[in-house]
Amino acid sequence: MIYTKTGCPYCQKAVKDYKARGINFKEINISLDVAAKQLVQEKFGAGQVPVIVEDGKLVSTGYSGGG
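Definitions and cut-offs
Residues numbered from 1 in each chain as written. Predicted model: local features only at pLDDT ≥ 70, side-chain atom pairs only at ≥ 80, totals over all residues. Heavy atoms only, no water. Buried < 20%, exposed > 50% of the residue type's maximum accessible area, 1.4 Å probe, protein only. Helix = DSSP H or I, 4+ residues; strand = E, 2+ residues; numbered from the N terminus. Arc of directions from axis to C-beta. Contact = heavy atoms within 4.5 Å. Polar contact = N/O pair within 3.5 Å; in protein donor to acceptor, adjacent residues only side chain to side chain. Pairing = 2+ DSSP bridges. Axes fitted to C-alpha atoms, helices over the stretch in contact; angles between N-to-C directions.

Asks: Honestly, helix α2 (residues 34–44) in this entry has me stumped. Any pointers?
Replies: Since the α-helix packs 3.6 residues into each turn, any two residues three or four apart lie on the same face. Taken together, the buried positions of α2 are A36, V40 and F44. An end-on view of α2 places all buried positions within 40° of arc, on one side of the element. Opposite the packed face of α2, turned more than 90 degrees from it, sit the exposed residues V34, A35 and E42. Those residues of α2 that are buried are in contact with β1 (2–4), β2 (27–29), β3 (51–54) and β4 (57–61). Two to three positions downstream of the cap, the backbone nitrogen of A35 sits 3.2 Å from a side-chain oxygen, assigning the N-cap of α2 to D33. Following α2 by one or two positions, G45 has its phi on the positive side, about 60°.

Asks: In this structure, what is going on with the sheet that holds β2? I would like to understand it.
Replies: Two strands in a sheet stick together by hydrogen bonds in their backbones, pointing the same way (parallel) or opposite ways (antiparallel). Ordered by their spatial adjacency, 4 strands build an open sheet running β2-β1-β3-β4, and the pairing between neighbours is mixed. Edge positions in the sheet fall to β2 and β4, since each has one partner strand and no second. On average, each strand axis in the sheet is tilted by 25° relative to the strand beside it, whichever way the strands run. Strand direction decides the pairing type here: β3 and β4, joined by 4 bridges, are antiparallel. The residue of β4 that forms the bridge with V51 is T61. Each of β1, β2 and β3 touches helix α1 (residues 9–20); the most contacted strand, β1, lies at about 150° to it.

Quick look at the structure:
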């Protein structure tokens, strides 16, 4: 799961990299989904995007590649 925000270049890079590597994921835009935004803030303490979650566990917040 990759939580993204509209206009976020790091989110776009994460999505592009995951697609290029053939990693299956679901993208949720927290700009459009208020409940998802609240979830990433409360459950993962995330103050930045993208928020990458695998099997319900936080993998990373932010993205610099290779995630």
